[in-house]
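Each chain, written out:
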Amino acid sequence: MKHTISVLVENKFGVLARVAGLFSARGFNISSLAVGETEDPSVSRMTIVVKGDDKILEQVKKQLNKLIDVIYVKDYIRKEHIDKELILLKIEVDKKNKTKALNIIKKSPASIVKTTADTITIEMTGTQDDIEKLLAALEGKNFRIKEMVRTGRIAMEL
Amino acid sequence: MKLKGANILVESLIKEKVGAVFGYPGGVVLPIFDVLYDAPLKFILTRHEQAAAHAADGYARATGEVGVCLATSGPGATNLVTGIATAYMDSVPMVAITGQVKTNLIGSDAFQEADITGITRPITKHNYLVKDVNELAGIIKEAFYVARSGRPGPVLIDLPVDITLGEAEFDYPKKVNMRSYKPTFSGHPGQIKKAAKAIKDSHKPVIYAGGGIIISGAEEELFKLAKKALIPVTTTLLGMGGFPETDPISLKMLGMHGTAYANHAVTESDLIIAIGARFDDRVTGKLDEFAPNAKIIHIDIDPSSVSKNVHVHIPIVGDARDVLQKLNNIIKAPDTSKWLERIAHLKKQYPLKYDDTGDIIKPQYVVEQIYEATKGDAIITTEVGQNQMWAAQFYKYTLPRTFLSSGGLGTMGYGFPAAIGAQVAYPNKTVFDIAGDGSIQMNIQELATAVINKLPVNIAILNNCCLGMVRQWQELFYKKRYSHTCFVSGCPDFVKLAEAYGAVGIRVTKKEDVAPAIKKAIETKNTVILDFIVENEENVFPMVPAGEAINRMIGGMA
């Protein structure tokens, strides 16, 4: 089971190391981690996707709260929210299958950043499901992914 | 008023009413030591930085105040690590100050550079690397506040040498305001009501009290609760002294080497009232079989301790004393008369005991004699291993802050420097370090510190010429293959060693000499080593094998 949690932290030297260290020291698994400034420059937000059951989620939240530089921790369970991630993808194409690739991309929310004779670079923002669907469609047609970059999930309560 | 960073540090420590600083000098802390040269602040020079951290810890546990230690950068700082980790595991308030290389050299692998904030991140409650002298006073204020409030713990301040030389306006802050740190102090009234009802409805309640009782000063409220509701009390190792063990409803310690009656009582109980304890594996044994029929109330200031290891039915987050006060105001006593009869029966059936028929001194006998000589009016510290468990089992603790022992981390070499810290805090109290011949050698160099500072610490070595607890496990679980646990060629001559340092050494080989030697040590105004030559293969019983249910103990049964 994966959970998204949002952690507001003091924008201070070493705070990322504190959070990351806590996860490794306590044996929690991070699926993704996204960090950035908030509307208040003294505060950063970490959006962390954690693997584990409810009991683990509870401990993760409590342990995070125990860190002195952590201001606030929340999860998005049973809360109306939006979550997105960004993926950049470079796939290998040739003359024969290029059109096929362009068709798959057209049917998805992805957009094309650049095409060359033998590659297409794609950008897509979406939920994890949207992104997994695109990847499955490309892999289903045996396209080789040369390079993949993902941001990790960010989320916001609505 | 403008002051140099080093002066700001020392002035701030004075403002925090620090009674003593334990430490060791070095290159980058020279500016601090120059200020200490004529500052009105007691400084105790240890012979190893690890001992400085343990001494600060012993001082803190004995007094309830924040212990302070100071070391230089690099190896000085890394030598503090074991002491900081010890304090962290046992929630001891401590401020550790380390020197650091110049700010512009950080990260360059400079001489005696170590990333001590990185190293200590998982073993401190919080730590700081000071990068601006203008922030120094505020950081010190915060560090002391964080160390002593909520669930206490060690806080490290890393001070680059240019910060201690830089100047800033000194104005020690009066208040701390941290938006990200606001520990819950008051227990939720609704939860306290629920707890009161569960207690009223219980038939076989047991109070399981931990170190939180002593940290929060809840011993009187605990006594009121136990006596008013007639509920037997067992404590953890760190909870010892939180409830008088001379009382008929005391069950002494529970867990791996706890009393059989405490372990049976917990297993039979229908309500566990856990206060300031954390359901450590040495206490619970096999988790699924820990108090299988009991509802659990858990009072603790640290929310992350609640439902971490066992499922808790009624959690109450808050300060133990505050919660118990409120609970005592509304509590109605359950009828525990039958339960107390059962408890009395268990205590009679499974007393703590040992075979004392031979001529050789039994280690348990030594501990009993230390109790007889002091009647509980002493500070007992321990090393780790068999000495620690016998000190827990065969001495009767009646007052808080009289038993100082490394529980969570289990640090050999803790007891002697901790005894030094306690003796610095209370020069006139009798202080005993109950030690083993193995552990004492881990910080034996502190004999110099004790003697030079005229600290009449008594070290009782239960000398069995082996690493007893590990040897015991090898005897029971590794077919007596005593791999590197027996000092075949013997120990150093502890009596001569004591004398070499200017301390007093007394070797005791006969049972009838035990009590007189203890009496002589107490009367001696110098540091004393009592070298008790005890039975080599004596074991600590009862014992719950690791991972077994706590009611299935081996040894020491009727």
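Bear in mind the structure is a predicted one, so any value in this text is a computation, not a measurement.

### As for the overall build of chain B
A tally of regular secondary structure across chain B gives 21 helices and 20 strands. Counting only C-alpha atoms and orienting by the principal axes, one finds that chain B spans roughly 70 × 60 × 40 Å. Taking the contacts inside chain B whose residues are at least 6 apart along the sequence as the reference set, 76% of them involve residues at least 24 apart.

### A short note on the overall build of chain A
A count of helical and extended segments in chain A gives 4 helices and 9 strands. Secondary structure elements of chain A, listed N to C terminal, follow the sequence β-α-β-β-α-β-β-α-β-β-α-β-β. With the principal axes as the frame, chain A shows a C-alpha extent of 60 × 30 × 30 Å. Excluding contacts between residues fewer than 6 apart, the proportion of contacts in chain A whose partners are at least 24 apart in sequence is 74%.

### Remarks on helix α4 (residues 75–89) of chain B
All names here are of chain B. Across its 15 residues, α4 extends 22 Å between first and last C-alpha, which sits within 8% of the 21 Å expected from 1.5 Å per residue. Remark: the principal bend of α4, roughly 35 degrees, maps to Val81. Looking at α4, one finds that the buried residues are Gly76, Ala77, Leu80, Thr82, Gly83, Ile84, Ala85, Thr86, Ala87 and Tyr88. Remark: Ser91 follows α4 within two positions and exhibits a positive phi of approximately 55 degrees.

### Focus on the domain arrangement of chain B
Residues and elements named next belong to chain B. Per the domain assignment, the segments making up chain B are domain 1 (2–169), domain 2 (189–349) and domain 3 (363–533). Of note, the centres of domain 1 and domain 2, computed from C-alpha atoms alone, are 37 Å apart. The interface of domain 1 with domain 2 comprises 5 residues on the first partner and 5 residues on the second. Within the side of domain 1 that touches domain 2, the residues separate by chemical class into 1 nonpolar, 2 polar and 2 charged.

### A look at the interface of chain B and chain A
Taken together, the contact between chain B and chain A spans 12 residues of the former and 14 residues of the latter. Of the residues assigned to the side of chain B that touches chain A, the class counts are 4 nonpolar, 5 polar and 3 charged.

### Some remarks on the sheet that holds strand β2 (residues 21–23) of chain B
Residue and element names in this part refer to chain B. Pairing is parallel in the open sheet, where 6 strands are placed in the order β3-β2-β4-β5-β7-β6. Unpaired on one side and paired on the other, β3 (43–45) and β6 (126–129) mark the two borders of the sheet. With direction set aside, neighbouring strand axes in the sheet form an average angle of 20 degrees. Bridge count between strand β5 (residues 94–100) and strand β7 (residues 154–160): 7 bridges; the pairing is parallel. Residue pairing for β7: Met94 is matched across the bridge by Pro154. Sheet strands touched by α4: β4 (67–71), β5 and β7. Its angle to β5, the strand with the most contacts, is close to 165 degrees.

### Examining the domain arrangement of chain A
It is common to give the size of an interface as the accessible area lost on bringing the parts into contact. All names here are of chain A. Parsing chain A into structural domains produces domain 1 (2–75) and domain 2 (82–157). Once you take the C-alpha centre of each, domain 1 and domain 2 turn out to be 29 Å apart. Looking at the side of domain 1 that touches domain 2, the elements that each hand over two or more residues are β1 (2–10), β2 (29–37) and β3 (43–51). Of the residues belonging to the side of domain 1 that touches domain 2, the class tally is 3 nonpolar, 4 polar and no charged.

### Re the nonpolar core
Membership of the largest hydrophobic core comes to 202 residues, with the highest contact counts inside it found for Val95(B), Ala460(B) and Leu530(B). Once residues lying within four places of it in the same chain are set aside, the contact partners of Val95(B) are Val66(B), Val68(B), Ala143(B), Phe144(B), Ala147(B), Val155(B) and Ile157(B). Counting residues in each nonpolar core, the second largest holds 11 residues, with Ile87(A), Leu89(A), Ile91(A) and Leu138(A) among its members.

### Describing helix α15 (residues 363–374) of chain B
All names here are of chain B. Here α15 contains 12 residues, and its C-alpha end-to-end distance of 17 Å stays within 8% of the 16 Å for a straight helix at 1.5 Å per residue. For α15, a buried count of 11 out of 12 residues is recorded, marking the element as mostly surrounded by other parts of the structure. Within α15, burial applies to Pro363, Gln364, Tyr365, Val366, Val367, Glu368, Gln369, Ile370, Tyr371, Ala373 and Thr374. If you follow the buried residues of α15, they end up packed against α16 (386–394), β17 (431–436), β18 (458–463), α21 (514–523) and β20 (528–533). With its phi angle positive at about 50 degrees, Lys375 sits one or two positions after the end of α15.

### Considering the confidence of the model for chain B
Taken as a whole, chain B shows an average pLDDT of 96; of its residues, 99% reach a score of 70 or greater. Scoring of the predicted complex yields 0.96 for pTM and 0.90 for ipTM.

### Remarks on the sheet that holds strand β4 (residues 70–75) of chain A
All names here are of chain A. Taken in spatial order, the 4 strands line up as β2-β3-β1-β4 in an open sheet, and their pairing is antiparallel. The sheet is open, and its two edges are formed by β2 and β4, each paired on a single side. Geometrically, the sheet is characterised by an average inter-axis angle of 20 degrees between neighbouring strands, direction not taken into account. With 5 bridges connecting them, β1 and β4 associate as antiparallel partners. The residue bridging Ser6 from the neighbouring strand is Lys74, located in β4. With respect to the sheet, helix α1 (residues 15–25) is in contact with β1, β2 and β3, its orientation differing from that of β1 by roughly 145 degrees. Packed onto the sheet, helix α2 (residues 54–66) meets β1, β3 and β4 and runs at close to 165 degrees relative to β4.

### Details of the packing of helix α11 (residues 260–268) of chain B against helix α14 (residues 337–349) of chain B
Residues and elements named next belong to chain B. Look at α11 against α14: their axes get within 8 Å of each other, and the N-to-C directions meet at 145 degrees. Judged by the twist between their axes, the crossing of α11 over α14 is right-handed. Here Tyr261, His264 and Ala265 of α11 come into contact with α14, specifically with Ile343, Leu346 and Lys347.

### Focus: the environment of Val9(A)
Residues and elements named next belong to chain A. Counting through the fold element by element, Val9 comes out in strand β1. In this structure the C-alpha to C-alpha distance between Val9 and Lys141, which are 132 residues apart in sequence, comes to 43 Å. The residues touching Val9, leaving out its near neighbours within four places in the chain, are Val15, Ser44, Met46, Asp69, Val70 and Ile71.

Cut-off values and rules
- Residues numbered from 1 in each chain as written.
- Chains lettered and ligands numbered in written order.
- Predicted model: local features only at pLDDT ≥ 70, side-chain atom pairs only at ≥ 80, totals over all residues.
- Helix = DSSP H or I, 4+ residues; strand = E, 2+ residues; numbered from the N terminus.
- Contact = placed C-beta atoms within 7 Å.
- Expected span 1.5 Å × (residues − 1).
- Bend = angle between axes of the 7 residues up to and from the residue.
- Buried ≥ 20, exposed ≤ 12 C-beta atoms within 10 Å, placed from the backbone.
- Domains from an automatic or database assignment.
- Nonpolar A, V, L, I, M, F, W, Y, C, P; charged D, E, K, R; others polar.
- Pairing = 2+ DSSP bridges.
- Axes fitted to C-alpha atoms, helices over the stretch in contact; angles between N-to-C directions.
- Core = buried A, V, L, I, M, F, W, Y, C linked by C-beta atoms within 7 Å.
- pLDDT = per-residue confidence, 0-100.
- Left-handed = near helix turned anticlockwise from the far one by under 90°.

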